[in-house]
Amino acid sequence: MRYTKHRRLVSSALAVTLGATTLAACGSSSDDDGGARSGPVSLTYWTWAPGMDKVVDLWNEGPGKKEQIKVTVKKQASGDTLVTKILTAHKAGKAPDLVQAEYQALPTLVSNDALADISKDVGDARSKFADGVWQQTTLGTDAVYAVPQDIGPMMFYYREDLFEEYGLTVPTTWDEFADTARKLKKKSPKTDLTTFSANDSGLFAGLAQQAGAQWWSTSGDQWKVGISDDATKKVAEFWGGLVKEGAIDNQPMYTPAWNKALNTGKQIAWVSAVWAPGTLNTAAPDTKGKWAMAPLPQWTGQENRTGSWGGSSTGVTTDSGNKEAAARFAAWLNTDGDALNALAKESGIYPASTSAQLSGAFTTPPEYFSNQPDFYRKAAEIAQTTAPSAWGPNVNVAYTTFKDAFGAAAKNKSDFVAAVDTMQQDTVADLKKQGFEVAP
C-alpha cells in the first residue's frame, strides 16, 4: 500500500495521483524546516478572495513589519481549479506557504500531505470559533490543518409582505414548510414557495448535514462513505416528494428565470445561507426591504441546528520553509478585529470567528435587510448551531454525480432517493479507483 508521507488523516489514506503536469509555482522563501528563523521572512499566499491584498497590507504595515514577516498575495481561481494547482505545485515541492481552502477540500489536501499540522503555532485561536466550525479544520483529529476564515450557516429567507398577504406563517419544522408550500399553491397556483435546484450540490449537502448525515468517515484504516444513509435519504425523499406533487418549483437557481421569479414575487422564499443578501440584491433589486430571515426549519420541534453552505479556511503547506511564521499570519488574519473588519469590507465575507460576528461591520444589518435590524444578531445565534460536517477526499466526484443524477430526477420529477444511491456508488467506485481502502 502507498501511504501518505506521515500517514495522516487515516493510516491508509493513499496519496491521490494527479495526471497534471508540473507547473511553475511560487514556493517558500526559505529552505529551513519551518522551525526557528533569523532575519526577514517572505511568505506567499494563494487566495481567490477579492481585496485580500488590501487586508494583507494591514499585516505588512503592522504586525508583519514588527516581526519581519512579509506576505505577498497571489490571486488564484477558486474551487477544484485551485485544489488541482496546489497539489500539482506540491508534487514539485513548490507549493506556496499559505493557501485559501474550502472546508470540503481539506481532506484532499491533507491526504496528499500538502497541508501542515499547525496546532502548536496558532495560539488560542481555537477559542475564537464554534465547535462545529473548528472541527472542519481538524478532520476529527488532534491536528489543526487550517484556521477557519469564513462560514455559510444556512437560514430561511422569505418575503415578509407576501407571507402576510397570503396568510402564511414562517415554518419552524420541515413538515410545516411542506404544509406552507401546499397552502400557498392553493391560494395562488402560479406562485411557488421555493424551488429545488439540482445544480447546487452544496445546498443539498448542507441540508443533509443539518439532518445528521455523515457522508465520509473513517473506520480503522478504511474510509466509509455514508451518502446513502438514512438522514440523506430522508432529505431526498422530502424534497423529491414536494417536486413530484408540484408543491414547489423544480428549476435551477442563478438563472434569469429564477431572478425574475424572486423579483416579481413568483417565488417568495429561499433556503440559503448568511451570504444571501448579496445575491438577493442582484437577483431581486425591486424587493429590497421586503425580505426577512429566520432559522432553518427543523426536522423535529426539539432540534436546533443548521447546516453550512460554503466557507473557507487558511492553511499552511508542508512545502513552506517558515511554517511557524505562516501559521501566525493565518491566525492573525482570521481572529484579529482589524483584519476581520477589513475582510468583511474588502472581501465580503461572513467571519468564522464568533467575536467578529457581532462587531465592526456586523453591528448593522445588510442594506438590503435594513428592515431587520437584528439580522446579524440572529445570524450569529444560528451560526452557533452549525452541525458537524464530514468531508472526504473526493467531494468533487460526489458533487458532479449530484448534478447529473439529481438534475435528471428534478427535471423528470422522478425518484430522488435513487439519485442518492447513484451518488453513493460513484463516490465509492472513485475512492477504490484512486487506491483508497473503503469499508463495505
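Preceding block: the structure.
Residues numbered from 1 in each chain as written. Predicted model: local features only at pLDDT ≥ 70, side-chain atom pairs only at ≥ 80, totals over all residues. Heavy atoms only, no water.

Engineer: I tried to follow the packing of aromatic side chains on my own but got confused; where do I start?
Structural biologist: Geometry of an aromatic ring pair is reported as the spacing of the ring centres plus the angle between the planes. The tally for this structure, following the rule as stated, stands at 40 aromatic pairs. With 4.8 Å between their ring centres and 45° between their planes, Phe 204 and Phe 406 make a pair best called tilted. Pair noted here: Phe 204 is in helix H8 (residues 201-210) and Phe 406 is in helix H15 (residues 395-412), with a separation of 202 residues, a long-range link. Summarising the burial analysis for this pair, Phe 204 and Phe 406 share the class buried. On the basis of an interplanar angle of 75° and a centroid distance of 5.4 Å, the ring pair of Phe 406 and Phe 416 is categorised as edge-to-face. (Phe/Tyr/Trp six-rings, centres within 6.5 Å; stacked < 30°, edge-to-face > 60°. Helix = DSSP H or I, 4+ residues; strand = E, 2+ residues; numbered from the N terminus. Buried < 20%, exposed > 50% of the residue type's maximum accessible area, 1.4 Å probe, protein only.)

Engineer: Would you mind showing me how to read unusual backbone geometry here?
Structural biologist: Across residues other than glycine, the phi torsion is negative in most instances, and most of the peptide bonds are trans. The phi torsion at Leu 139 lies on the positive side, around 55°, for a residue other than glycine. Along the polypeptide, Leu 139 turns up in the loop between helix H5 (131-138) and strand S4 (147-159). Despite not being glycine, Lys 413 shows a phi value in the positive range, around 55°. Tracing the backbone through its elements, the reader meets Lys 413 in the loop between H15 and helix H16 (416-434).

Engineer: I tried to follow the nonpolar core on my own but got confused; where do I start?
Structural biologist: Within soluble globular proteins, side chains that are nonpolar generally end up buried alongside one another. In terms of nonpolar packing, the biggest core is built from 143 residues, with Tyr 157, Phe 196, Trp 215, Trp 216, Trp 239, Val 271 and Phe 406 touching the most fellow members. Sequence-distant contacts of Phe 406, defined by excluding residues within four places in its chain, comprise Phe 196, Ala 198, Phe 204, Ala 236, Thr 401, Phe 416, Ala 419, Val 420 and Met 423. (Core = buried A, V, L, I, M, F, W, Y, C linked by side-chain atoms within 4.5 Å. Contact = heavy atoms within 4.5 Å.)

Engineer: Could you clarify how one ought to interpret the layout of surface pockets in this entry?
Structural biologist: To find leftover empty space, a probe the size of one water molecule is rolled over the atoms. In this structure, the second largest pocket encloses a volume near 260 Å³. Every residue lining the second largest pocket is counted, 16 residues in all, and those nearest its centre are Gln 135, Leu 139, Gly 140, Trp 216 and Trp 391. Those elements that provide at least two residues to the lining of the second largest pocket are H5 and strand S5 (216-219). When residues of the lining of the second largest pocket are assigned to their parent elements, the largest contribution, three residues, is made by S5. Considering only residue class, the lining of the second largest pocket consists of eight nonpolar, eight polar and no charged. (1 Å grid on protein atoms, 1.4 Å probe; cavity = no way out; pocket = protein on both sides within 12 Å on 5 of 7 lines; lining within 4 Å. Points joined across faces, edges and corners; volume = space filled by probe spheres on them. Nonpolar A, V, L, I, M, F, W, Y, C, P; charged D, E, K, R; others polar.)

Engineer: Just checking my understanding: could you explain empty space enclosed by the protein for this structure?
Structural biologist: Within the structure shown, the criterion is met by four cavities of 30 Å³ or more. Along its surface, the largest cavity is lined by Ala 205, Ala 208, Gln 209, Ala 213, Gln 214, Trp 215, Pro 388, Ser 389, Ala 390 and Trp 391. If you add up the space inside the second largest cavity, you get close to 50 Å³. What lines the second largest cavity is simply Thr 194, Thr 195, Phe 196, Leu 203, Leu 207, Trp 239, Met 253, Trp 270 and Val 271. At the level of secondary structure, the elements contributing two or more residues to the lining of the second largest cavity comprise H8 and strand S7 (269-273). Broken down by class, the residue content of the lining of the second largest cavity amounts to seven nonpolar, two polar and no charged.

Engineer: Please clarify how the environment of Thr 385 should be interpreted in this entry.
Structural biologist: Turning to its location among the elements, Thr 385 is positioned in the loop between helix H14 (375-383) and H15. When sequence neighbours within four positions are dropped, the list of residues in contact with Thr 385 reads Asn 304, Arg 305 and Thr 306.

Engineer: Please explain H14 as it appears in this structure.
Structural biologist: Owing to its 3.6 residues per turn, the α-helix brings residues three or four apart onto one side. Within the sequence span of H14, burial applies to Phe 375, Tyr 376, Ala 379, Ala 380, Ile 382 and Ala 383. Buried residues of H14, seen end-on, are gathered within an arc of 160° and therefore sit on one face of the element. Contacts from the buried residues of H14 go to S4, helix H11 (276-283) and strand S8 (291-295). (Arc of directions from axis to C-beta.)

Engineer: Sorry, what's going on with the packing of helix H7 (residues 174-187) against helix H9 (residues 230-245) here?
Structural biologist: Describing two packed helices takes the angle between their axes plus the distance from one axis to the other. Orientation of H7 relative to H9, taken along the N-to-C sense of each, is 10°, at an axis distance of 12 Å. If you check the angle between H7 and H9, you find them roughly parallel. Facing Trp 174, Phe 177, Ala 178 and Arg 182 of H7, the residues of H9 in contact are Phe 238, Trp 239, Leu 242 and Glu 245. In terms of residue class, the contact of H7 with H9 is made up of six nonpolar, no polar and two charged. (Axes fitted to C-alpha atoms, helices over the stretch in contact; angles between N-to-C directions. Parallel < 35°, antiparallel > 145°, perpendicular 65-115°, else oblique.)

Engineer: Quick question: what am I supposed to make of the packing of helix H12 (residues 323-335) against helix H13 (residues 337-347) here?
Structural biologist: One can describe the packing of H12 onto H13 by two numbers: an axis separation of 5 Å at closest approach and a directional angle of 65°. By the angle between their axes, H12 is roughly perpendicular relative to H13. Between H12, through Trp 332, Leu 333, Asn 334 and Thr 335, and H13, the contact on the second element is made entirely by Gly 337, Ala 339, Leu 340 and Leu 343. Classifying every residue of the contact of H12 with H13 gives five nonpolar, three polar and no charged.

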